[in-house]
Amino acid sequence: MRISFIGGGAMGEAIIRGILAKGVATPQDMVVSDISQTRRELLTNEYGIETLDDNRQAAKGADLIVLAVKPQNLARVVQDLKAPSPEQLVVSILAGGTLAKLCQDFNHLSVVRAAPNMPAQIGQGITVWTATADTNERQKELARTVLGAVGKEIYVTEEKYLDMATALGGSGAAYVFLFIEAFIDAGVHVGLPRDLSQQVVTQTILGSTSSVEMMGKHPAVLKNMVTSPGGTTTEALFQLEKGAFRALLYEAVAAAHSKAQRL
Ligand SMILES: NC(=O)c1ccc[n+]([C@@H]2O[C@H](COP(=O)([O-])OP(=O)(O)OC[C@H]3O[C@@H](n4cnc5c(N)ncnc54)[C@H](OP(=O)(O)O)[C@@H]3O)[C@@H](O)[C@H]2O)c1
C-alpha cells in the first residue's frame, strides 16, 4: 500500500503518527508533499518519511491520496492533481466541499470525504466519513483503516451527516475546551487553587464521559442520580437552565452546521 499526503500540517502529521503507531503502514509506504520546508524537515526527521514539495510527484503511484491542506489552498492542489489514475482513491479531510464538487474539481470518481476532529492528534479522534458510489469495497476498507488509525471512525451513506458531524465533533472539540476552561475558572472563583481546580474538572469530565459509555444509561438518568432533592447540584443546574445552557448549545451547533454547509 502506498499513501500520499498532500499537506503535512497538524492533521496530516496526526494521521501519519496514527498509521505508524498502529502498524498500518511503514514510513517507506508513505510520502508527504508540503509547501513548507519546516514541515517537510520535521516530518522527515521525526518519522523518517520521504517529503517533497511537488504534489503531482507525491501522488504518483499512490493507492490513496490524502488531501490535508486548508480549504483555501485546495484550488492550487486541484491544479496540481487534476485527473488522478482511475484506481487511486482521493480522501479529503477538508471541512466542507461536497463529494460532487471534489469529483468535478479533480475529474475523478473514487473519492472519500471525511470529517475528523482535533483529538485525532492523540489517537482519540472521531471521524465520520462517506464515499462516492464508484469507490469500491477494497478502497473503502483502505480508507477505514487509515481513518481508524487516529481514533473511532463511522462510515455513513448520507453525505449530509458530514456537515452535522463537523458542527458536533469537528468544531465541538473547541466548545468542550471552552467549557473546560470556564469550569476551571469557576473553581478558582469559589477559591480552589488553579491546579487543583484543573485536576478536579478534567477528571470529572473524563469520568462522566466514561460513565455514559460504560454504564449504558441515558445521560439524563445519570444526571438525576447525582441530583439530590434540595441539594447543591440542583442549585447549579437551576442556574444553567436559567441561563438557557441547552438552548445556547443548540444554537451554537446549528450556527456551525450552517457555516459548514456554506463552505
Ligand atoms: N486541525 C484540525 O483539528 C482539523 C480537524 C478536522 C479537519 N481539519 C481539516 O484538515 C485540513 C488540514 O488542517 P491542518 O490543521 O492540518 O492544517 P495545517 O496545519 O495548516 O496543514 C496544512 C499544511 O499544508 C501546507 N500547504 C498549503 N498549501 C499547500 C499546497 N498547495 N500543497 C501542499 N501543501 C500545502 C501548509 O503549509 P503552510 O502552512 O506554509 O501554508 C501546511 O503545512 C483542513 O482542511 C481542515 O479543515 C482539521
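Definitions and cut-offs
Residues numbered from 1 in each chain as written. Predicted model: local features only at pLDDT ≥ 70, side-chain atom pairs only at ≥ 80, totals over all residues. Helix = DSSP H or I, 4+ residues; strand = E, 2+ residues; numbered from the N terminus. Buried ≥ 20, exposed ≤ 12 C-beta atoms within 10 Å, placed from the backbone. Contact = placed C-beta atoms within 7 Å. Pairing = 2+ DSSP bridges. Right-handed = clockwise from strand over helix to strand, strands pointing away. Domains from an automatic or database assignment. Axes fitted to C-alpha atoms, helices over the stretch in contact; angles between N-to-C directions. Parallel < 35°, antiparallel > 145°, perpendicular 65-115°, else oblique. Left-handed = near helix turned anticlockwise from the far one by under 90°. Nonpolar A, V, L, I, M, F, W, Y, C, P; charged D, E, K, R; others polar.

(A) Structural view of the overall build of the protein. Along the backbone of the protein there are twelve helices and eight strands. With respect to the principal axes defined by its C-alpha atoms, the protein has extents near 65 × 40 × 30 Å. Within the protein, buried positions represent 31% of all 263 residues. By sequence separation, contacts in the protein at least 24 residues apart represent 63% of the contacts at least 6 residues apart.

(B) Highlighting the pairing of strand 7 (residues 125-131). With seven of seven residues buried, strand 7 is to be regarded as a mostly interior element. Burial of the side chains of strand 7 extends over both faces: G125, T127, W129 and A131 are buried on one face and I126, V128 and T130 on the other. Here strand 6 (residues 111-115) runs beside strand 7; their pairing, made up of four bridges, is antiparallel. When the sheet's bridge partners are listed, R113 is paired in strand 7 with T130. As judged from the five bridges shared by strand 7 and strand 8 (residues 151-155), these two strands associate in the parallel manner. Across the sheet, the residue bridging to T127 is E153, located in strand 8. Each parallel crossover has a hand, and the one from strand 7 via helix 6 (residues 137-147) to strand 8 is right-handed.

(C) Here's a closer look at unusual backbone geometry. The phi dihedral of A83 is positive, around 55°, even though this residue is not glycine. Following the sequence through the fold, A83 ends up in the loop between helix 4 (74-81) and strand 5 (89-92). Classification of A83 by C-beta neighbours within 10 Å gives exposed; the count is 9. Phi is positive for A244, which is not a glycine, with a value near 60°. Within the element layout of this structure, A244 appears in the loop between helix 11 (232-242) and helix 12 (245-262). Given 11 C-beta atoms within a 10 Å radius, A244 is considered exposed.

(D) Main features of the domain arrangement of the protein. If you check the domain split of the protein, you get domain 1 (3-157) and domain 2 (172-262). With centres defined by C-alpha atoms, the gap from domain 1 to domain 2 works out at 34 Å.

(E) Representation of the packing of helix 8 (residues 172-189) against helix 9 (residues 194-215). It is at 8 Å that the axes of helix 8 and helix 9 come closest, and there the two elements cross at 135°. Judged by the inter-axis angle, helix 8 sits oblique to helix 9. Crossing of helix 8 against helix 9: the hand is right-handed. Within the contact between the two elements, helix 8 uses I180, F183, I184, G187 and V188 and helix 9 uses R194, S197, Q198, V200, V201, T202 and I205. Its residues assigned to classes, the contact of helix 8 with helix 9 comprises seven nonpolar, four polar and one charged.

(F) Highlighting the packing of helix 7 (residues 160-170) against helix 12. Helix 12 packs onto helix 7 with a crossing angle of 135° between their chain directions and a minimal axis gap of 8 Å. By the angle between their directions, the pair helix 7 and helix 12 is classed as oblique. Crossing geometry of helix 7 relative to helix 12 is assigned as right-handed. Together, D163, M164, T166, A167 and L168 of helix 7 and V253, A256, H257, A260 and Q261 of helix 12 make up the contact between the two elements. Residue composition of the contact of helix 7 with helix 12, by class: six nonpolar, three polar and one charged.

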